[in-house]
Amino acid sequence: MAVNRGCKRMIELVKGNLLLSNCTIIAQVMNCRCKMNFGLAKQVKSLYPEVYQADLNFKYQKDQKLGKCSFALSEDGKKVIFNLYAQDEEEGQLHYDALEKAFENMMLIANKLELKGFPTKIGVPYFIGCTPDDGNGSWKLVNNVLEKMARRYNRTIYTYRSF
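Residues numbered from 1 in each chain as written. Predicted model: local features only at pLDDT ≥ 70, side-chain atom pairs only at ≥ 80, totals over all residues. Heavy atoms only, no water.

Novice: I would appreciate a short explanation of the packing of helix H3 (residues 96-115) against helix H4 (residues 139-153) in the present structure.
Specialist: For any two helices packed against each other, one specifies the crossing angle of their axes together with the interaxial distance. At a minimum axis separation of 10 Å, H3 and H4 run at an interaxial angle of 30 degrees. The angle between H3 and H4 falls in the class roughly parallel. Once H3 is placed against H4, the crossing between them reads as right-handed. Contacts between H3 and H4 involve Tyr96, Leu99, Glu100, Phe103, Glu104, Met107, Leu108 and Asn111 from the former and Leu141, Val142, Val145, Leu146, Lys148, Met149, Arg152 and Tyr153 from the latter. Partitioning the contact of H3 with H4 into residue classes produces 11 nonpolar, one polar and four charged. (Axes fitted to C-alpha atoms, helices over the stretch in contact; angles between N-to-C directions. Helix = DSSP H or I, 4+ residues; strand = E, 2+ residues; numbered from the N terminus. Parallel < 35°, antiparallel > 145°, perpendicular 65-115°, else oblique. Left-handed = near helix turned anticlockwise from the far one by under 90°. Contact = heavy atoms within 4.5 Å. Nonpolar A, V, L, I, M, F, W, Y, C, P; charged D, E, K, R; others polar.)

Below you can see the structure in the form of structure tokens.
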């Protein structure tokens, strides 16, 4: 677990299922090809079809999505799920600069939601954007992005891992 210079933890590891958590904002890394066929994306597509629809309806073309995010409010109105576009291809290489830009866009939207009274507890999957077994992303580099965003926006980001 990473801790900022003060005493407050900025990144917290939580044991459990992110999609069943009390997080009100959930982020997942997405490819730019409107595919949600693997891992968390496949689960999100099944539980929150409105998130898949947001991906399909996103106003940018596939080659313009990197670094941007789409999102949808869950049907029950309790969660906002973000698609962070940081991979070109399905199961493709993670683009760290695109991840940072997309995450920054999400944080700006989260701030606006909070100003409108929406609670903002941010959760991401542990190893977000990384596939530990095939090296498509380095957790150390991704964690650096998370820490930077947490510090910049003075928020705790909860990383969920099923142990």
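Novice: Help me understand the packing of aromatic side chains in this model?
Specialist: Aromatic ring pairs are reported here in terms of the distance separating the ring centres and the angle at which the planes meet. Applying the stated criterion across every chain yields a total of six aromatic pairs. Pairing phenylalanine 127 with tryptophan 139 gives two aromatic rings, centres 5.5 Å apart and planes at 70 degrees, and the pair type is edge-to-face. Residue phenylalanine 127 is found in the loop between strand S5 (122-125) and H4, and its partner tryptophan 139 is found in helix H4; the two are separated by 12 residues along the sequence. With a relative accessible area of 17%, tryptophan 139 lands in the buried category. In this structure an aromatic cluster arises from ring pairing among Phe58, Tyr60 and Tyr85. Between the NZ or CZ atom of lysine 45 and the centre of the ring of tyrosine 52, over which it lies, the distance is 4.3 Å. Cation over ring: lysine 68 sits above tyrosine 60, and NZ or CZ is 4.7 Å from the ring centre. (Phe/Tyr/Trp six-rings, centres within 6.5 Å; stacked < 30°, edge-to-face > 60°. Buried < 20%, exposed > 50% of the residue type's maximum accessible area, 1.4 Å probe, protein only. Lys NZ or Arg CZ within 6 Å of the ring centre and 35° of its normal.)

Novice: Got a minute to help me understand unusual backbone geometry in this structure?
Specialist: Excluding glycine, residues mostly carry a negative phi; peptide bonds, for their part, are mostly trans. In this structure, cysteine 34 takes a positive phi of about 55 degrees despite not being glycine. Here cysteine 34 shows up in the loop between strand S2 (25-31) and helix H1 (39-47). With a phi close to 70 degrees, phenylalanine 127 is a non-glycine residue in the positive phi region. Residue classification places phenylalanine 127 among the partly exposed residues on the basis of a relative accessible area of 25%.

Novice: Is there a simple way to explain the nonpolar core in this structure?
Specialist: Ranked by internal contacts, the top residues of the largest apolar core, which has 32 residues, are Leu84, Phe103 and Met106. Top contributing element to this core by residue count: H3, with eight residues. Aside from chain neighbours lying at most four places away, what touches methionine 106 is Ile25, Ala27, Cys69, Phe82, Leu84 and Ile122. (Core = buried A, V, L, I, M, F, W, Y, C linked by side-chain atoms within 4.5 Å.)

Novice: Looking at this structure, how should I read H4?
Specialist: Counting along an α-helix, one turn takes 3.6 residues, and residues three or four places apart therefore face a common direction. Compared with the 21 Å implied by 1.5 Å per residue over 15 residues, the 21 Å span of H4 between its first and last C-alpha is a close match. Residues of H4 that are buried include every one of Trp139, Val142, Asn143, Val145, Leu146, Glu147, Met149, Ala150 and Tyr153, and no others. Contacts made by the buried residues of H4 are with strand S1 (11-15), H3, S5 and strand S6 (157-161). Asparagine 154 sits one or two positions beyond H4 and adopts a positive phi of about 50 degrees. (Expected span 1.5 Å × (residues − 1).)

Novice: I keep staring at the side chain of aspartate 55 and nothing clicks. Help me out?
Specialist: Of note, aspartate 55 is situated in helix H2 (residues 49-57). Accessibility expressed as a relative area gives 0% for aspartate 55, which makes it buried. For aspartate 55, the side chain forms a polar contact with the side chain of lysine 65, separated by 3.3 Å. Other than its neighbours up to four places away in sequence, aspartate 55 contacts Met30, Cys34, Lys35, Met36, Lys65, Ser70, Asn83 and Tyr85. (Polar contact = N/O pair within 3.5 Å; in protein donor to acceptor, adjacent residues only side chain to side chain.)

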